[in-house]
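Structural overview
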Amino acid sequence: MTRGGQGLARVAVVVRAGAAPLWWLGVVAAGVGSLPPGLTGRRIGVLAGAALFVLATAAVAYGRRKRYVTLAACAARAGKHDILQDRAVTSRNWRRHHRWWLVLAFLAALGSAFAVPAAAGLLLAGCGAGLWLKAAWLGRRERADEVLLWVRVDWLRGGAGGPAGKRVKAYRSTGVAAGDAAPGGARRKTPALV
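In this report, we go over the structure that sits alongside the text. The structure presented is a predicted model; accordingly, all values stated were derived computationally and were not measured. (Residues numbered from 1 in each chain as written. Predicted model: local features only at pLDDT ≥ 70, side-chain atom pairs only at ≥ 80, totals over all residues. Heavy atoms only, no water.)

This paragraph deals with a nonpolar patch on the surface. On the surface, V28, V32 and L35 cluster together to form a nonpolar patch covering roughly 260 Å² of accessible area. The topology assignment puts L35 in the loop between α2 (19-33) and α3 (42-62). (Patch = residues over 30% accessible without salt bridge, like charges linked within 9 Å, V, L, I, M, F, W, Y side chains within 5 Å. Areas by Shrake-Rupley, 256 points an atom, 1.4 Å probe, with all protein chains shown as cover. Salt bridge = Lys/Arg side-chain N within 4 Å of Asp/Glu carboxyl O. Helix = DSSP H or I, 4+ residues; strand = E, 2+ residues; numbered from the N terminus.)

This brings us to the pattern of salt bridges. Applying the stated criterion to the full structure yields four salt bridges. Between E142 and R10 there is a salt bridge; the shortest N-O distance is 2.9 Å. Taken together, the residues E142 in helix α6 (residues 119-145) and R10 in strand β1 (residues 7-10) connect sequence positions 132 residues apart. In this structure E142 comes out as buried when scored by relative accessible area, which is 1%. D145 is the salt-bridge partner of R141, the closest N and O atoms lying 3.8 Å from each other. In this pair, R141 and D145 both sit in helix α6, four residues apart, roughly one turn of the helix. Accessibility expressed as a relative area gives 44% for D145, which makes it partly exposed. (Buried < 20%, exposed > 50% of the residue type's maximum accessible area, 1.4 Å probe, protein only.)

A few words on α2. In this model, α2 (15 residues) spans 20 Å end to end at C-alpha, consistent with the 21 Å of a helix rising 1.5 Å per residue. Along α2, the residues classified as buried are A19, P21, L22, G26, A29, A30 and G33. All buried residues of α2 project into a common sector of 165 degrees when viewed along the axis, lining one side. Contacts made by the buried residues of α2 are with α1 (11-17), α5 (87-112) and α6. (Expected span 1.5 Å × (residues − 1). Arc of directions from axis to C-beta. Contact = heavy atoms within 4.5 Å.)

Applying the stated criterion to the full structure yields one cavity of 30 Å³ or more. Approximately 40 Å³ is the volume attributed to the largest cavity. Forming the boundary of the largest cavity are R10, V13, Q85, D86, R87, T90, W150, A178, G179, D180 and A181. (1 Å grid on protein atoms, 1.4 Å probe; cavity = no way out; pocket = protein on both sides within 12 Å on 5 of 7 lines; lining within 4 Å. Points joined across faces, edges and corners; volume = space filled by probe spheres on them.)

Before going further, it helps to spend a moment on the nonpolar core. Ranked by size, the top nonpolar core spans 31 residues in total, and within it V11, Y68, L138, V151 and Y171 carry the most contacts. Those elements that provide at least two residues to this core are α1, α2, α4 (65-73), α5, α6 and β4 (148-152). Top element by residues in this core is α6. It accounts for six residues. The residues contacting Y171, other than those within four sequence positions of it, are V11, Y68, L71, A72, A75, A76, L149, W150, V151, P163 and A164. (Core = buried A, V, L, I, M, F, W, Y, C linked by side-chain atoms within 4.5 Å.)

This brings us to the sheet that holds β4. Pairing within the open sheet is mixed, and its five strands lie in the order β2-β5-β4-β1-β3. Two strands lie at the open edges of the sheet, namely β2 (76-77) and β3 (83-84), each paired on one side alone. (Pairing = 2+ DSSP bridges.)

For the coordinates displayed, the defined rule picks out three aromatic pairs. With a centroid separation of 6.2 Å and an interplanar angle of 65 degrees, the aromatic rings of W23 and F53 are classed as edge-to-face. You can see W23 sitting in helix α2 and its partner F53 sitting in helix α3, a full 30 residues away along the chain. W23 sits in the partly exposed class, given a relative accessible area of 26%. We classify F53 as partly exposed; its relative accessible area is 24%. Ring centres of Y68 and W137 lie 6.4 Å apart, and the angle between their planes is 90 degrees; on these two criteria the pair is classed as edge-to-face. With a gap of 69 residues between them, Y68 in helix α4 and W137 in helix α6 connect regions that are remote in the sequence. Its relative accessible area of 7% is what places Y68 among the buried residues. By relative accessible area, which is 11% here, W137 ends up buried. Lying across the ring of W150, R10 places its NZ or CZ 5.7 Å from the centre. (Phe/Tyr/Trp six-rings, centres within 6.5 Å; stacked < 30°, edge-to-face > 60°. Lys NZ or Arg CZ within 6 Å of the ring centre and 35° of its normal.)

Moving on, we get to the environment of A72. One can find A72 in helix α4. For A72, a relative accessible area of 15% gives the class buried. Excluding residues within four positions of it along the chain, A72 makes contact with R141, L149 and Y171.

Here's what the structure looks like:
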């Protein structure tokens, strides 16, 4: 980084990065997991999975919101030497750092289907849905405040956790035209005007 600038990743993009892998792995695991009758039977497994889906979605969507609000409230303006990371790079980095956890979760969901069919797969899918809802909530906050929230890339490396983890001390903010992702972390439909 030049002149003390920091690499910054969008908070909403980091949150959203795990949504698609968890959702699709969960859907596949639930579909395959519904084939064996299991110890409990398919009906009980699917009903338990539906309950777990709802609970996981709510827990992930509403978890740590106070921390996000606190970090957003004291966000400092990004400096002109800070480097804004592309949306695709942020998503790829998150998935690369969490790939083994995703594989293990998928295998565990498949293995548990012999006991409770489809339940663990629906739990995984619920976690993915919760991350989408959390990213959408962040997007609404960004639109309301007319800022985009960013977190230092070095605070996300290794096993540092998410964008509201203990290592994260503060967010940075920019105007809504910065970067290549819209509020909430989705891809921009039209190029940003700079």
